[in-house]
Amino acid sequence: MLCPFCAEEIKEQAVVCRHCHRDLAVQKPLLDENQALRKEIEDLRRQFNSLQRTAILHRGSPRPTAQDKSAFAFSPRYVAVYLLLPILLLLAAHYLIVIRFDLREIVLRLVSIALSLPFGFALFWRHRSGPILLIVTATIVSIAAVGGMLAVVSLIDVNVPIVPRDRREWQEAVEQALSIGLAMGAGYMFARVAENLLFGTEGSPGPLNALARSIISLVAPSNNERDLKARIESFQQVLAMLVVTVTTLGSIYAGVKSVLN
Ligand SMILES: [Zn+2]
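Rules and cut-offs
Residues numbered from 1 in each chain as written. Predicted model: local features only at pLDDT ≥ 70, side-chain atom pairs only at ≥ 80, totals over all residues. Helix = DSSP H or I, 4+ residues; strand = E, 2+ residues; numbered from the N terminus. Buried ≥ 20, exposed ≤ 12 C-beta atoms within 10 Å, placed from the backbone. Contact = placed C-beta atoms within 7 Å. Core = buried A, V, L, I, M, F, W, Y, C linked by C-beta atoms within 7 Å. Axes fitted to C-alpha atoms, helices over the stretch in contact; angles between N-to-C directions. Left-handed = near helix turned anticlockwise from the far one by under 90°. Nonpolar A, V, L, I, M, F, W, Y, C, P; charged D, E, K, R; others polar. Parallel < 35°, antiparallel > 145°, perpendicular 65-115°, else oblique. pLDDT = per-residue confidence, 0-100. Bend = angle between axes of the 7 residues up to and from the residue. Expected span 1.5 Å × (residues − 1).

What follows is about the overall build of the protein. Of the regular secondary structure elements, the protein holds 8 helices and 0 strands. Each helix and strand of the protein, placed in order from N terminus to C terminus, yields the pattern α-α-α-α-α-α-α-α. In the protein, which comprises 261 residues, the share counted as buried stands at 20%. Considering only residue pairs separated by 6 or more positions, the protein has 62% of its internal contacts joining residues 24 or more positions apart.

What follows is the structure, encoded as structure tokens:
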């Protein structure tokens, strides 16, 4: 240890400094206490860091309680964002694609899928909604949107009734509704898959998390713990987005193939 007066190296047990000959008897207990406190702070800091790490793992996925969930279902915000908004967007898309620009049926199908998917995704990602609310939402949105589309067509063309006239028209309406509902379901499933890949299930970090951690500490190691954590976190987001994008493109490709055949 160092003498508090002259900063020369002295023995741990010294009572008098051999360099400056000052009395260390009064200083000694204070120094010891200081050292003990320093060690305690170091321990606490280590504990705090590990707690922070756990908090970061779960920050993207706050788990709402059952009360939160039931308060959200059919709240004004739910009705506006998850029922009215997708219905209006789908009707606007239908108006532009079919009536205004007279594009092919497949364009409407694709745009419907692209519009519906994020709502299913957000329903789980943001609100951790259960499958029942998803099914209710997808059913209401798909039926209302397709009903609205039929109504708009019959409003513009007086010769066309709202209710489909033959088997072909019925099939088209049902297919359109199904693609909206299924896209919502697909978005919901992607969110669940991404959540599991990223955060794992109850406590154990997911494989994507572990992957991000090992890649970052290999490619961009950092001595600064906070820096490293931030890098790992943003890399995880990129990985999750990649997984979601690839699965989405895959499902859209599958959907398009079935319409084209
Ligand atoms: Zn000294």
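Take the nonpolar core next. Among the nonpolar cores identified, the biggest contains 29 residues, and Phe121, Leu123, Ala145, Ile180, Met184, Tyr188 and Ala191 are the most heavily contacted of them. At the level of elements, helix H3 (76-100), helix H4 (105-125), helix H5 (131-156) and helix H6 (167-199) are the ones that each hand at least two residues to this core. Setting aside anything within four residues of it in sequence, one finds Ala191 in contact with Phe121, Phe124 and Trp125.

Let us look at the packing of H3 against H5. Where H3 meets H5, the axes come as close as 9 Å, and the angle between the chain directions of the two elements is 35°. The element H3 and its partner H5 pack so that their crossing is right-handed. Between H3 and H5, the residues in contact are Tyr82, Leu83, Pro86, Ile87, Leu90, Leu91, His94, Tyr95 and Ile99 and Thr137, Ile140, Val141, Ala144, Ala145, Gly148, Met149, Val152 and Ile156, respectively. Residue classes in the contact of H3 with H5 are distributed as 15 nonpolar, 3 polar and no charged.

Looking now at the environment of Ser142. As for its position among the elements, Ser142 is in helix H5. Once the C-alpha coordinates of Ser142 and Leu90 are considered, the two residues, 52 residues apart in sequence, prove to be 9.2 Å apart. With residues up to four places along the chain from it excluded, the contact list for Ser142 reads Ala177, Ile180 and Gly181.

With that out of the way, let us pick up the packing of H3 against H4. One way to put it is that H3 packs onto H4 with a least axis distance of 10 Å and a crossing angle of 165°. As far as their axial angle goes, H4 and H3 are roughly antiparallel. Two packed elements cross with a definite hand, and for H3 against H4 that hand is right-handed. Contacts between H3 and H4 involve Tyr82, Pro86, Leu89, Leu90, Ala93, His94, Ile97 and Val98 from the former and Val107, Leu108, Val111, Ser112, Leu115, Ser116, Phe119 and Leu123 from the latter.

So, about the confidence of the model for the protein. Regions with low pLDDT carry predicted coordinates that are not meant to be interpreted in detail. Averaged over every residue, the pLDDT of the protein is 82; the share at 70 or more is 84%. Across the protein, the element-wise mean pLDDT spans from 70 in helix H8 (residues 225-260) up to 94 in H3.

Take H3 next. If you look at H3, its biggest bend is around 35°, right at Leu84, and the proline Pro86 turns up within four residues after that. The complete set of buried residues in H3 reads Tyr82, Pro86, Ile87, Leu90 and His94. After H3 finishes, the residue Asp102 shows a positive phi value of roughly 50°.

Moving on to H5. Under the 1.5 Å per step criterion, the end-to-end length of H5 is 37 Å for 26 residues, consistent within 8% with the ideal 38 Å. The set of residues buried in H5 consists of Leu133, Leu134, Thr137, Ala138, Val141, Ser142, Ala145, Val146, Met149 and Leu150.

So, on to unusual backbone geometry. Located in the positive-phi region is His21, a residue other than glycine, with phi close to 60°. Taking the C-beta count within 10 Å as the criterion, His21 has 9 such neighbours and is therefore assigned exposed. Phi at Arg128 is positive, roughly 50°, even though this residue is not glycine. Within the fold, Arg128 resides in the loop between H4 and H5.

Our focus in this paragraph is the environment of Arg109. Assignment of secondary structure puts Arg109 in helix H4. In this structure, the C-alpha to C-alpha distance between Arg109 and Ile180, residues 71 residues apart in sequence, is 8.2 Å.

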